[in-house]
Each structure stands twice: as structure tokens, then as C-alpha cells.
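The residues making up each chain are set out below.
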Amino acid sequence: MKKILFLAICLLIAGSVNAQRRYYHSQRGGDNRNSDNGDFYSPKIGLEIGANVSNQISSSNSNYSTGSLVGLNTGITFDLPIIYPLSFAPEVLYSQKGYEATTIDGIYTERTHFIDVPLLAKFKVGPAFNFYIGPQLSYLLSTTTTYDNGFIVSREQYYENNNGHKSFLDGVLGISFDINRSVDLHARYTLDLQQTDSQGSTYVPNYRNQVWQFGIGFRLN
């Protein structure tokens, strides 16, 4: 059911982009090149690629400490104008998250693979600067755990629920800088609004994913 919901969201976004493009093309005669406002009101599709710097934080155990892990994020972006300077900016991304923990017995690494669907409000706050805020739906695809004790490296991949969860609701804050009409640089902070482990304890604390994202976007139209 959750997979169907994610697919429906993706199809809805794609349909909205297509409908708005036809609408604005008919309203403005198909030529927005000579007007900044005209370019703002043109729906946009793009691609982005970047790096995640992910970790986990706990609200129940101050001694729970992990190290950051670098991963990939990449996917499709949309920019659907509402009224200047506000746009609706949904995305569909593949995103690698996780953390690393150093113990007295070795190094434990957990790599998680997600499909993220940010549903963001985008505010144009200057000629080249933009501010983003909104929720994000995240669906866990799989988890790979690695344990290295200095002599033996063991690795396991699994697809079960992560402590009872496979889908998460996140909050997103971010900014972007338009290098030119077709390329932008962006940075964001994402935090789980739900606990990853709802049955947290002193030994297995409830924790949340937090991710710093940095990337470059390319406009395709």
C-alpha cells in the first residue's frame, strides 16, 4: 500500500508539471524569454546529484554517540510556480543514509537506502537565492550492515522493517544559489520527525536520522 502511495505521488507530480506547462504556454504565447517574471511562471523539470552527510541522534540517551557517513543522493526535481515569489518544489530522490559506530570490539557501519519525496515550498528571496521548507516522505528500500574487527569484515543486507518502520516523515530546511538559468547549488538539513525505534531503551535508544545534503541541480527546460 505504501509503495502504491509513493507511485501515486510521483505520477501526480509529473501530471501537475505537464498541466501547468500547457497552461502557462497558452497564457503567455509560449515565449517567456524576455521577462524575468515570465521565466518564474514557467514550470521547470530538472535533475540533481549530490552528497549526504548522515548521522543519527537520540532523544533518550545522551551517551548514544555515532559518527557521520557520506552517501549519494540523486533524482528528479520539479518547480511549479504558485504566485511570485512562492513555488511548489517536489522531488523524487534516491538517498543513501546511515551512520558509523566505533566500539571496543570494532567498527560497525549501517548503510540505509531510501526513496525520498520532498514536498517543499520554495521562496525566491533575491535574484539568485532561494529558501526551501517543508515535509519529506521517506521509504526504506534496504539496509546493509558491516562489522570490521580489524581481522574479519562481515556484511549483511536485509529488507525487513527497520525496528517496525519502513516509511518516515521528515522535516526539511534548505537554501539554493542559481549560478545561471540552468544550474544551481544547494544545501539542506533533513531530520526525521518520527523516532526510528519507537521502543527505545537505555540499551537500544530511540533515534532519528539527520542528514546534511549538498548538491548541484540542472534544469532541463
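Just so you know, these numbers come straight off a predicted model, no measurement behind them.

Engineer: What's the story with a nonpolar patch on the surface in this structure? I'm lost.
Structural biologist: A contiguous nonpolar patch, built from Val125, Phe129, Phe131, Ile133, Leu173, Ile175, Phe177, Ile179 and Leu185 and spanning about 800 Å² of accessible area, is present on the exposed surface. Relative to the elements of secondary structure, leucine 173 occurs in strand β7 (residues 167-178).

Engineer: What's the story with unusual backbone geometry in this structure? I'm lost.
Structural biologist: Working note: non-glycine residues mostly have negative phi, and peptide bonds are mostly trans. With an omega of 10°, the peptide bond between tyrosine 84 and proline 85 qualifies as cis. Looking at the element boundaries, proline 85 is found in the loop between β2 (69-83) and β3 (86-103).

Engineer: Mind showing me how you'd approach the environment of histidine 186 here?
Structural biologist: Along the chain, histidine 186 falls in strand β8 (residues 183-192). The residues touching histidine 186, leaving out its near neighbours within four places in the chain, are Glu48, Ile175, Ser176, Gln213, Phe214, Gly215, Ile216 and Gly217.

Engineer: Quick question: what am I supposed to make of the packing of aromatic side chains here?
Structural biologist: Each pair of aromatic rings is reported with the distance of its centres and the angle of its planes. A full pass over the atoms with the stated rule returns six aromatic pairs. Ring centres 6.2 Å apart and planes at 50° place the aromatic pair tyrosine 99 and tyrosine 108 in the tilted group. Judged by relative accessible area, which is 8%, tyrosine 99 ranks as buried. Note on tyrosine 108: relative accessible area 26%, which makes it partly exposed. Centroid distance tyrosine 189 to tryptophan 212: 4.7 Å. Interplanar angle 50°. Geometry classified as tilted. Of this pair, tyrosine 189 sits in strand β8 while tryptophan 212 sits in strand β9 (residues 207-219), and the two are 23 residues apart along the sequence. For tryptophan 212, a relative accessible area of 44% gives the class partly exposed. Counting every residue linked through ring pairs, the aromatic cluster contains Phe40, Tyr41 and Tyr84. Geometry around tyrosine 132 places arginine 188 over its ring, the cationic atom sitting 5.3 Å from the centre.

Engineer: Is there a simple way to explain the side chain of lysine 97 in this structure?
Structural biologist: With respect to the helices and strands, the residue lysine 97 is situated in strand β3. Side chain to side chain, lysine 97 and aspartate 116 meet in a polar contact 3.4 Å long. Every residue in contact with lysine 97, bar those within four places of it in the chain, is listed here: Asn52, Ser54, Leu69, Glu110, Arg111, Thr112, Phe114, Asp116, Gln136, Ser138, Asp170 and Val211.

Engineer: Would you take a moment to explain the pairing of strand β1 (residues 44-58) for this structure?
Structural biologist: On any regular strand, side chains alternate: one points to one face of the sheet, the next to the other face. Two strands pair when backbone bridges link them, and β1 and β2 are joined in this way by 11 bridges, in the antiparallel orientation. Within the sheet, the bridge partner assigned to isoleucine 49 lies in β2 and is threonine 74. Where β1 and β9 come together, 13 bridges link them in antiparallel fashion. Bridging from a neighbouring strand, isoleucine 49 pairs with isoleucine 216 of β9.

Engineer: Would you explain the pairing of β2 in this entry?
Structural biologist: Pairing of β2 with β3, which is carried by eight bridges, proceeds in the antiparallel orientation. When the bridges of β3 are listed, isoleucine 76 appears paired with valine 92. Counting the residues between successive antiparallel strands, the hairpin from β2 to β3 contains two residues.

Engineer: Is there a simple way to think about the confidence of the model for the protein chain in this case?
Structural biologist: The predicted coordinates ought not to be read in detail in places where the model reports low pLDDT. Predicted confidence across the protein chain gives a mean pLDDT of 80, with 69% of residues reaching 70 or more. Every residue in residues 29-35 scores below 50 in pLDDT, and together they form four contacts with partners more than four places removed in sequence or on other chains.

Engineer: Where do I start with the pattern of salt bridges in this structure?
Structural biologist: Pairing between side chains of opposite charge can happen when their charged atoms approach one another. Under the defined criterion, the tally for this structure stands at eight salt bridges. One salt bridge connects lysine 122 with aspartate 79, and the closest N-O pair in it is separated by 2.6 Å. With lysine 122 in strand β4 (residues 106-124) and aspartate 79 in strand β2, this pair connects stretches of sequence that are 43 residues apart. Within this structure, Asp39, Arg181 and Arg219 form a network of salt bridges that share partners.

Basis of the calculations
Residues numbered from 1 in each chain as written. Predicted model: local features only at pLDDT ≥ 70, side-chain atom pairs only at ≥ 80, totals over all residues. Heavy atoms only, no water. Patch = residues over 30% accessible without salt bridge, like charges linked within 9 Å, V, L, I, M, F, W, Y side chains within 5 Å. Areas by Shrake-Rupley, 256 points an atom, 1.4 Å probe, with all protein chains shown as cover. Salt bridge = Lys/Arg side-chain N within 4 Å of Asp/Glu carboxyl O. Helix = DSSP H or I, 4+ residues; strand = E, 2+ residues; numbered from the N terminus. Contact = heavy atoms within 4.5 Å. Phe/Tyr/Trp six-rings, centres within 6.5 Å; stacked < 30°, edge-to-face > 60°. Buried < 20%, exposed > 50% of the residue type's maximum accessible area, 1.4 Å probe, protein only. Lys NZ or Arg CZ within 6 Å of the ring centre and 35° of its normal. Polar contact = N/O pair within 3.5 Å; in protein donor to acceptor, adjacent residues only side chain to side chain. Pairing = 2+ DSSP bridges. pLDDT = per-residue confidence, 0-100.

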